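# Structural features, examined
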Amino acid sequence: MSFLDPQNAALATAYLVDKVVGIYRDSYAPGVGTSVLGGYLYQKAIPHPFGRPVFAELSWSKDGSSYFDGGSNVSAATSGAIAYSDSSNIYITTLENTGTIYYKLVCSWIDDYDTTEPSITPVLNTASGLYFDSRKNYPKIDRHGVTTISGTGTKAITHGLGYAPGFKGYFESISGQVWPLIAGGTSDVWLYDFVNQMECYALIGTTDVTLNFTGPASSRRVWYRTYLA
Amino acid sequence: MSIKPDRIQFFSQLPNYIQLDTVRDTMVISGSVGAGATSTFSKTLTVDRNNTKSDVYATNGNTGLKALISSCNFPAVYQFASVERAVQVISYGTNSVTVAWSITNNTGAPIALTAQTITLDVIPYRLPI
């Protein structure tokens, strides 16, 4: 069977989708029980049961009503939050160290993390009964994979779609930790360890996605997904 | 219940993102920046952010290159004219997303910015929360 216009298909088994395995929603006081990175980033560890890192997408708030996306600064170098994970925890890292941080975390599975196929118990929100809605569209993964980067340079990932697709990448900014893409050098507030931490951003073209990276010489993995536009 | 996520494509016991309609607008960057000065270019897009999370993509009309900018504080597709410094802040209202790029000229003389039109696409998702 050929799919002439997959964008119009809400559900198509020819395409992978993001597999949500963890949903966390709670709040905490960033000055209590948090560790400090680089003297200015306040980090909360949230244990997870998956045994390996997951892609962690964060929405966060300071008042429980107005939520911001993770990774992106709200106010230059004074207000922001980002989430990353390792094999034991999801970490929420903020520039804030007072008040209350409200968070919503949606964690998706990394198929290409390794060759094992472990059994897991999802951590899901029982209050949400609507998982699929055939009246709506879904982000359809065209391809996914893992590649390695080291030092400073560029690396192309070919997608061959003929247009610039959606793209999400996660990488080992620090070995064993899976971060969303971060960049900006001295402007990058999430770069707290100039010796061990790597930066990477992606430019999406009509045939390739080019990874641009800067950091230590040790090899780091990048997991990626391209989405039909 | 224990499952093997590697082996499935659709499984109704794992939730997914529900994609809502994309909102698109453009932001024009042009003009000159004096020595030591900063120019800020911004655009606010109206989008229903109630119980949603959004991906924000920027595409440069000169290069055709696109980047996901909502998870990064670096305006990756900005086309440099000289050695100016470019940073971005994305801020969120209840029904809006504002993208602001600040261009700072740290040289000793004015520079003419590379004229460029940035197309901004905001893709909202209903979160399974």
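Everything below is about the structure shown above.
Below you will find a few notes about this structure. As a convention, each chain's residues are numbered from 1 in the sequence order in which they are written. Each chain gets a letter, beginning with A, and each ligand a number, beginning with 1, in the order they are written. Thresholds applied to this predicted model are a pLDDT of at least 70 for local features of residues and 80 or more for the giving and counting of side-chain atom pairs; totals over whole chains, interfaces and linings are not thresholded and use all residues. Excluding hydrogens and water, the side-chain figures rest on all heavy atoms present in the structure.

### Quick notes on the overall build of chain A
As a reminder of what qualifies: We count a stretch as a helix when DSSP gives it H or I for four or more residues in a row; a strand needs E for two or more, and each element gets its number in order from the N terminus. Working definition: with a 1.4 Å probe on protein chains only, accessible area under 20% of the residue-type maximum means buried, over 50% means exposed, and in between means partly exposed. Any two residues whose heavy atoms approach within 4.5 Å are treated as being in contact. Note on areas: Shrake-Rupley with a 1.4 Å probe; residue coverage comes only from the protein chains shown.
Along chain A, the regular secondary structure elements total zero helices and 15 strands. Out of the 229 residues belonging to chain A, those deemed buried represent 57%. Here the contacts in chain A between residues at least 6 apart in sequence split such that 71% fall between residues at least 24 apart. Just so you have it, chain A exposes about 9000 Å², and 50% of that area is on carbon and sulfur atoms.

### Structural notes on the interface of chain B and chain A
Short version of the rule: Buried area: the accessible surface (1.4 Å probe) lost by two parts on joining, summed over both. Polar contacts here mean pairs of N or O atoms no more than 3.5 Å apart (in protein, one a potential hydrogen donor and the other a potential acceptor; neighbouring residues in sequence count only if both atoms are side-chain atoms).
Across the contact, 49 residues belong to chain B and 68 residues belong to chain A. Carbon and sulfur atoms supply 56% of the area that chain B and chain A bury against each other, a total of about 5200 Å² over both sides. Taken together, the links from chain B to chain A amount to nine residue pairs in polar contact (both at pLDDT 80 or more). Elements represented by at least two residues in the side of chain B that touches chain A include exactly strand 1 (18–19), strand 5 (52–60), strand 6 (66–68) and strand 7 (85–93) of chain B. The greatest single-element share of the side of chain B that touches chain A, amounting to six residues, is contributed by strand 7 of chain B.

### Describing the pattern of salt bridges
All names here are of chain A. The criterion, for reference: Just to be clear on terms, a salt bridge is a Lys or Arg side-chain nitrogen sitting within 4 Å of an Asp or Glu carboxyl oxygen.
Enumeration over the complete set of coordinates arrives at ten salt bridges over all chains. Residue Asp114 is joined to Arg52 by a salt bridge in which the shortest nitrogen-to-oxygen separation is 2.6 Å. Of this pair, Asp114 sits in the loop between strand 8 (101–108) and strand 9 (141–149) while Arg52 sits in the loop between strand 3 (41–47) and strand 4 (55–61), placing them 62 residues apart in sequence. Here Asp114 falls in the partly exposed class, since its relative accessible area comes to 33%. Take Arg52: its relative accessible area is 3%, and that puts it in the buried class.

### Considerations on the nonpolar core
When a protein is soluble and globular, its nonpolar side chains tend to lie buried together. Selection criterion: What makes a nonpolar core is a set of buried Ala, Val, Leu, Ile, Met, Phe, Trp, Tyr and Cys residues whose side-chain atoms join them at distances within 4.5 Å.
By size, the foremost hydrophobic cluster in this structure holds 51 residues, and its most contacted members are Leu105(A), Ile69(B) and Trp101(B). The next biggest cluster of nonpolar side chains, apart from the first, holds 36 residues, and it includes Tyr84(A), Tyr192(A), Ile204(A) and Leu127(B).

### Considerations on the packing of aromatic side chains
This is how the line gets drawn: When two rings of Phe, Tyr or Trp (its six-membered ring) have centres within 6.5 Å they constitute a pair, described as stacked for plane angles under 30 degrees, edge-to-face for angles over 60, and tilted for the intermediate range. Here, a charge over a ring is recorded when the distance from Lys NZ or Arg CZ to the ring centre is within 6 Å and its angle to the ring normal is within 35 degrees.
Considering all chains together, one arrives at twelve aromatic pairs over all chains under this definition. Consider the rings of Tyr78(B) and Trp101(B), whose centres lie 6.4 Å apart with planes at 85°: the pair is edge-to-face. Of this pair, Tyr78(B) sits in the loop between strand 6 and strand 7 while Trp101(B) sits in strand 8 (residues 96–104), and the two are 23 residues apart along the sequence. For the pair Tyr78(B) and Trp101(B), a shared accessibility class is recorded, and that class is buried. Through successive ring pairs, a cluster of aromatic residues spans Trp60(A), Phe68(A) and Tyr92(B). Just above the ring of Tyr57(B) sits the side chain of Lys66(B); from NZ or CZ to the centre is 4.8 Å.

### Side note on the environment of Ala112(B)
Take Ala112(B): it is sitting in strand 9 (residues 111–112). Filtering out sequence-adjacent residues up to four positions away, Ala112(B) remains in contact with Gly31(B), Ser32(B) and Ala81(B).

### Some thoughts on the sheet that holds strand 8 of chain A
Two orientations exist for strands paired in a sheet by backbone hydrogen bonds: parallel and antiparallel. Residues and elements named next belong to chain A. Rules: Criterion used throughout: strands pair if DSSP finds at least two bridges between them. Every axis in this analysis is a line fitted to C-alpha atoms, fitted for helices over the stretch in contact. Angles between the N-to-C directions lie between 0 and 180 degrees.
Taken together, the four strands give an open sheet; going across it, the order is 1-8-4-5, and neighbouring strands pair in antiparallel fashion. Here the strands that pair on one side only, and so sit at the sheet edges, are strand 1 (20–28) and strand 5 (67–69). Across the sheet, the axes of successive neighbouring strands diverge by a mean angle of 20°, strand direction being ignored. As defined by bridge partners, strand 4 adjoins strand 8 across seven bridges and the pair is classed as antiparallel. Pairing of Glu57 across the sheet is with Val106, part of strand 8.

What is shown is where atoms sit, not what they do.
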